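Structural overview for review
The lines below spell out each chain.
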Amino acid sequence: MSTDAVRDAHLDDPEMRDWIESLREVMRRSGTARAAELLRSLQIEAQRNSSGLPVTSTTPYVNTISREQSPAYPGDREMEHRIRSIVRWNAMAMVVEANQKEHGIGGHISTYSSAATLYEVGFNHFFRGPDHPSGGDVIYFQGHASPGIYSRAYVERRINAPQVHEFRRELGATGGLTSYPHPWLMPEFWQYPTVSMGLGPIQAVYQARFLRYMENRGMLPKSDRKVWAFLGDGETDEPESLGALTLPPREGLDNLIFVVNCNLQRLDGPVRGNGQIVQELEALFRGVGWNVIKLLWGSEWDELLERDTEGLLTRRMGQVVDGEYQKYSVAGGAYIRERFWGADPRLLKMVEHLSDDDLWRMRLGGHDMDKVYAAYNAATRHTGSPTVILARTIKGYGLGEAGEGKNISHQQKALNERELLEFRDRFAIPLSNEEVVGAPLYRPAEDSPETMYLLDRRRVLGGPVPSRYVGPSDLPRPSEDLFDEFRDGSAGREASTTVVFVRVLSKLLRDKSLGPRVVPIVPDEARTFGMEPLFREFGIYAQAGQLYEPVDADNLLYYRESRDGQMLEEGITEAGSISSFIAAGTSYATSRHAMLPFFIFYSMFGMQRVGDLVWAAGDARTKGFLVGGTAGRTTLPGEGLQHQDGHSHLLASAVPNLIAYDPAYAYEIAEIVRAGIERMHVRNEDVFYYLTVGNENYVHPPMPQGNEVRDGIVRGMYRLSVADAPIDQPHVQLLASGPIVNEALRAQALLAEQFGVAADVWSVTSWTELRRDALEADRWNLFHPGDQPHVPFITSLLAGQPGPVVAASDYVKTLPDGVSKWAPSPFVTLGTDGFGRSASRAELRDFFEVDAKHIALAALYALGRAGTIPMTTARNAITRLGIDPERPNPATR
Ligand SMILES: Cc1ncc(C[n+]2csc(CCOP(=O)(O)OP(=O)(O)O)c2C)c(N)n1
Ligand SMILES: [Mg+2]
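Scope of this entry: the structure provided in the associated data block. (Residues numbered from 1 in each chain as written. Chains lettered and ligands numbered in written order. Predicted model: local features only at pLDDT ≥ 70, side-chain atom pairs only at ≥ 80, totals over all residues. Heavy atoms only, no water.)

Details of the overall build of the protein
When helices and strands are tallied, the protein shows 36 helices and 20 strands. Computed over the C-alpha atoms, the radius of gyration of the protein is 32 Å, within 12% of the 29 Å expected from 2.2 N^0.38 for a compact globule of 893 residues. Along the three orthogonal principal directions, the C-alpha set of the protein runs to about 105 × 75 × 55 Å. Counting only residues that meet the buried cut, the protein has 59% of its 893 residues in that class. (Helix = DSSP H or I, 4+ residues; strand = E, 2+ residues; numbered from the N terminus. Rg over C-alpha atoms; globule rule 2.2 N^0.38 Å. Buried < 20%, exposed > 50% of the residue type's maximum accessible area, 1.4 Å probe, protein only.)

Structure follows, in structure tokens:
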């Protein structure tokens, strides 16, 4: 870059100098607040008279916190440096060893290497453990920094060497250390999963908000407990990372701190080779009201910046693009002198007293504990808005030529002997040359000053981090009679399962002891589900209360916002809503105060829209109910193919601890919810629930008598209606779920009246639970040959029932097919594979071939194949029922 281009002409401009001098004078005499006020007035004046006023939300490319503003470091810096070096060593050793033992086992060295100081200052001075009077901080660790967090725990003697030797060997004798933060596998250690990039930051946002919600509702004492989210700069490209940024400033969440590790690299190469990620993020965060702390330069730069009275150095710092900065971290001092300082002779002069080696060793802010401390200190004291710390670091810091700052750093997993020796020397690890070979673990003795120091720090800060509470839930049980009314049926009145569900939810909310713990969460869809009566009765949570008179104030069901409101009305964000769901549904562990969330959403925009967060909810052992409303490919008329869900159950079935139901009737819903609360909070199982509810109105029958009904609802199937016919008549068994049960009942009547066929109708509440049960039985049988075999539930129900099976649902055929092999008789499946259509319900059921006449046809066909009736009966039925056999297949249209 030419010198001329760099030099700023206006520094030589006398008028400019005048203005700058005046500004300095104001700051000297009256302070920065006064200067800011003047500038704001000038801005208004300029705006009035011109159009092209620059709008910017970035500040110069220097540290936000100057040397004078930095507090003295409160700890033993030498000691902490030694501890940090040891933690670095073991993090490296753990990954190297894992890959030496077996190629391809993976792990990351360079992420933690770049973030070590960011974490260590936190561990020694900020991160509060569970016993801290304010409650433990909630920390979202950058997933692929996990070796460093384990290394810390090892040095703290929370985990032992055999466990570390089994890093990423999760099937090992010790249970191993999980690749990434996974509470599912290490429930007493990790709090929240993060490594699917972007999920950490959005969970942190809603966690911070949920903690405030709990405080404002008086369920937790007010505290200065923090939520920290550590994320990569590359990770900020994920929509989830930045998609919820406007909420925390809007709600004044000063309990939230983001730390973005800006090592300028992601996996393949630079994050913004041709730009500056720090400035880009600053503009974004500052633009929506975050407190932004740039932590760019280490102490070595302070003196130079203080001498930079003309702003030359600051300007130069703002010119260099990230790709070039990355190059500085590998190319050495001479290169830096030429390319960075050489841009202007005055800059060169500033560093003439420094050797190339000195230039090379000038640290970045994120590697300087004093600077990191200053940033964290400011962040934790800041009030009124959330803070983001943009920390510059070098990826693979300390790995030297083995991978520092290189594009291949991310995948660095092995160090040769020379590189290990260099690493040892650089961080002064007390291992001999011989010992270094093979990268052994190293930790100071239990009574060493290092161990005592770090344990003392953790004790003062309230105990170990990360750690997760495992123990009984304190959720009150709902009163016994709460669900009674739903067992009586709807007495001839029509209602949809959505309305029934809302009624169940309302009753839970009104329950004296359990009620306050219930957290209804909606993404701007409450009216769709008829939940607006809850607005007034329970209020919509709004930390500011309600600062306006709502337009519908004179309406009985007005939009009531309040500081202690119970509903979380998240607006149009399924990702945000499920993040709230996770926060609420893990409150039993994170705050030892169990809450019961119900997240109600458009079923199409759940599993497939935020499936990765549903997966994370499972990993985090979230407890609660996901409710997919207006579900069913043909049950939702109108709307069309983007809205009509016929496969969310298939997606739900892939989440191992998600229990999914497609209920048909009021008593089924009540029973499922009752059993769910019991299973999650009384029997303390780490499961969560998914229910689909529809908007079709129909009459709900009373619950059939008998324990097998109650049991069957929960296990997935029970007999709803027995054919009233002599045994020598041709028989079929009709299985259906959700609203399609009514089609099966209509088919039962049709078959009896028009074809002399007797049909029993079974309500299948959960195809996927039936399948899991059968798989379990099969597996047991496989491993116990010759023993009395376990009989799958579905087999036991259908055994001895006459005739073939026809199974239909409002979902893809895979669901019934998933249980067909355990039916003791031939099995025909109907389902709604294909893109939906906007049409009437009757048209849709005809189109997708799941209405009563198609069920009847399938029954006749199955009987024909079995030889029970002549095939011509089925053939004639096609004409009789008005079915066009040559029409195209809806699955592919
Ligand atoms: C959703 C998702 N996509 C891709 C990955 C794979 N991945 C893991 S780390 C990584 C690069 C991370 O870069 P950055 O966020 O800058 O973190 P750094 O290691 O540089 O600190 C990628 C692409 C992932 N874990 N999650
Ligand atoms: Mg990065």
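From this point, things continue past the structure.
A few points about the coordination of the magnesium ion (ligand 2)
Every protein donor of the magnesium ion (ligand 2) is listed here as Asp-233 (OD), Asn-263 (OD1) and Gln-265 (O), and their distances to the metal cover 2.0 to 2.1 Å. All donors of the magnesium ion (ligand 2) come from a single chain, and their spacing in sequence reads D-x29-N-x1-Q. The residues Asn-263 and Gln-265 share a single accessibility class, namely buried. (Donors = N, O, S within 2.8 Å, 3.2 Å for Na, K, Ca; no water.)

Some points on the packing of aromatic side chains
Summed over all chains, the structure comprises 50 aromatic pairs. Centre to centre, the rings of Trp-89 and Phe-423 are 5.7 Å apart; their planes meet at 65°, and the pair counts as edge-to-face. A residue pair is termed long-range when its members are at least 10 positions apart, and Trp-89 in helix H4 (residues 77-101) and Phe-423 in helix H19 (residues 417-426) qualify at 334 residues. The pair formed by Trp-89 and Phe-423 is uniform in burial state, with each residue classed as buried. In this arrangement the basic side chain of Arg-168 is found over the ring face of Tyr-180, its NZ or CZ atom lying 4.9 Å from the centre. (Phe/Tyr/Trp six-rings, centres within 6.5 Å; stacked < 30°, edge-to-face > 60°. Lys NZ or Arg CZ within 6 Å of the ring centre and 35° of its normal.)

Regarding the pattern of salt bridges
Summed over all chains, the structure comprises 60 salt bridges. As a salt-bridge pair, Glu-251 and Arg-209 come within 3.4 Å of each other at their nearest N and O atoms. You can see Glu-251 sitting in the loop between helix H10 (247-250) and strand S3 (256-262) and its partner Arg-209 sitting in helix H8 (residues 199-216), a full 42 residues away along the chain. Neither residue differs from the other here; Glu-251 and Arg-209 are each classed as buried. Linking Glu-282 and Lys-294 is a salt bridge whose minimum nitrogen-to-oxygen distance equals 2.8 Å. (Salt bridge = Lys/Arg side-chain N within 4 Å of Asp/Glu carboxyl O.)

Examining the site of ligand 1
The environment of ligand 1 is made up of 18 residues, and the closest members are Thr-111, Asp-233, Gly-234, Gln-265 and Lys-395. The backbone of Val-195 places a nitrogen or oxygen atom 2.9 Å from a nitrogen atom of ligand 1. With respect to ligand 1, the backbone of Glu-235 contributes an N or O atom lying 2.9 Å from an oxygen atom. Here ligand 1 has 590 Å² of accessible area as a free molecule, and 76% of this is covered by the chains. Split into classes, the residues belonging to the shell around ligand 1 amount to 3 nonpolar, 10 polar and 5 charged. (Near = heavy atom within 4 Å. Polar contact = N/O pair within 3.5 Å; in protein donor to acceptor, adjacent residues only side chain to side chain. Areas by Shrake-Rupley, 256 points an atom, 1.4 Å probe, with all protein chains shown as cover. Nonpolar A, V, L, I, M, F, W, Y, C, P; charged D, E, K, R; others polar.)

Here's the deal with the nonpolar core
Phe-258, Leu-313, Met-317, Phe-340, Trp-341 and Leu-626 are the most contacted members of the largest nonpolar core, which totals 89 residues. Of all the elements, H8 adds the most residues to this core, at 10 residues. Of all hydrophobic cores here, the second largest spans 85 residues; its members include Leu-475, Phe-598, Leu-691 and Ala-759. (Core = buried A, V, L, I, M, F, W, Y, C linked by side-chain atoms within 4.5 Å.)

With respect to the sheet that holds strand S4 (residues 291-295)
Read across the open sheet, the 5 strands follow the order S1-S2-S3-S5-S4; overall the sheet is parallel. In this open sheet, the two strands that pair with only one neighbour each are strand S1 (138-140) and S4. Taken pair by pair, the neighbouring strands of this sheet meet at an average axis angle of 15°, ignoring direction. Where S4 meets strand S5 (residues 387-392), 5 bridges bridge the pair, whose relative direction is parallel. From the neighbouring strand, Val-292 faces S5, where its bridge partner is Val-388. (Pairing = 2+ DSSP bridges. Axes fitted to C-alpha atoms, helices over the stretch in contact; angles between N-to-C directions.)

Re the environment of Leu-568
By the secondary structure assignment, Leu-568 is in strand S10 (residues 568-569). Sequence separation between Leu-568 and Ile-540 is 28 residues, and the spatial gap between their C-alpha atoms is 6.1 Å. The residues contacting Leu-568, other than those within four sequence positions of it, are Arg-209, Phe-210, Tyr-213, Val-519, Pro-520, Ile-521, Val-522, Tyr-541 and Ser-580. (Contact = heavy atoms within 4.5 Å.)

As for the pairing of strand S12 (residues 625-629)
Across the 5 residues that make up S12, a large majority, 5, are buried. Pairing of strand S11 (residues 596-602) with S12, which is carried by 5 bridges, proceeds in the parallel orientation. Paired with Phe-598 across the strands is Phe-625, a residue of S12. Read as a crossover between parallel neighbours, the route from S11 over helix H26 (residues 611-619) to S12 is right-handed. Relative to strand S14 (residues 688-692), S12 runs parallel, the two being bridged by 4 bridges. (Right-handed = clockwise from strand over helix to strand, strands pointing away.)

Structural notes on H26
By the burial criterion, the buried members of H26 are Leu-613, Val-614, Ala-616, Ala-617, Gly-618 and Asp-619. Phi turns positive one or two residues past the end of H26, at Arg-621, with a value near 60°.

Notes on the packing of helix H28 (residues 666-682) against helix H29 (residues 707-715)
Geometrically, a packed helix pair is captured by the angle between its two axes and the distance between the axes. Where H28 contacts H29, the axes come no closer than 9 Å and their chain directions differ by 70°. Looking at the two axes, H28 sits roughly perpendicular to H29. Residues Tyr-667, Glu-668, Glu-671, Ile-672, Arg-674 and Ala-675 of H28 form the contact with H29, whose own contacting residues are Arg-710, Ile-713 and Val-714. Taken together, the residues that form the contact of H28 with H29 break down as 5 nonpolar, no polar and 4 charged. (Parallel < 35°, antiparallel > 145°, perpendicular 65-115°, else oblique.)

Details of a nonpolar patch on the surface
On the surface, Trp-19, Leu-39 and Leu-42 cluster together into a nonpolar patch covering about 320 Å² of accessible area. With respect to the helices and strands, Trp-19 occurs in helix H2 (residues 14-30). The exposure class assigned to Trp-19 is exposed, which follows from its relative accessible area of 53%. (Patch = residues over 30% accessible without salt bridge, like charges linked within 9 Å, V, L, I, M, F, W, Y side chains within 5 Å.)

Overview of the packing of helix H5 (residues 110-125) against helix H21 (residues 449-460)
Relative to each other, H5 and H21 sit at 65°, their axes nearing to 7 Å. The orientation of H5 with respect to H21, classified from their angle, is roughly perpendicular. Taken together, the residues of H21 that come into contact with H5 (itself represented by Gly-122, Phe-123, Asn-124 and His-125) are Tyr-453, Arg-457 and Arg-458. By residue class, the composition of the contact of H5 with H21 is 2 nonpolar, 3 polar and 2 charged.

Thoughts on the sheet that holds S14
Taken in spatial order, the 6 strands of this open sheet run S10-S7-S11-S12-S14-S13, and their pairing is parallel. Either end of the sheet is taken by a strand with one partner, and the two such strands are S10 and strand S13 (658-661). In the sheet, strand S7 (residues 518-522) pairs with S10 via 2 bridges, with the strands oriented parallel. For Val-522, the partnering residue across the bridge sits in S10 and is Glu-569.

Considerations on the side chain of Gln-276
Tracing the chain through its elements places Gln-276 in the loop between S3 and helix H11 (277-287). Beyond its immediate sequence surroundings of up to four residues, Gln-276 is in contact with Tyr-61, Met-317, Gly-318, Gln-319, Val-320, Val-321, Asp-322 and Tyr-325.

Quick notes on unusual backbone geometry
Going from Val-465 to Pro-466, the amide bond is cis rather than trans, its omega being -5°. For Pro-466, the location among the structural elements is in the loop between H21 and strand S6 (494-495). Although it is not a glycine, Ala-491 sits at a positive phi angle of roughly 50°. Tracing the chain through its elements places Ala-491 in the loop between H21 and S6. For Asn-684, which is not a glycine, the phi torsion comes out positive at approximately 55°. Classification of Asn-684 by relative accessible area gives partly exposed; the value is 27%.

Details of the pairing of S11
Here S11 lies mainly inside the structure; 7 of its 7 residues are buried. In the sheet, S7 pairs with S11 via 4 bridges, with the strands oriented parallel. Pairing of Ile-521 across the sheet is with Phe-599, part of S11.

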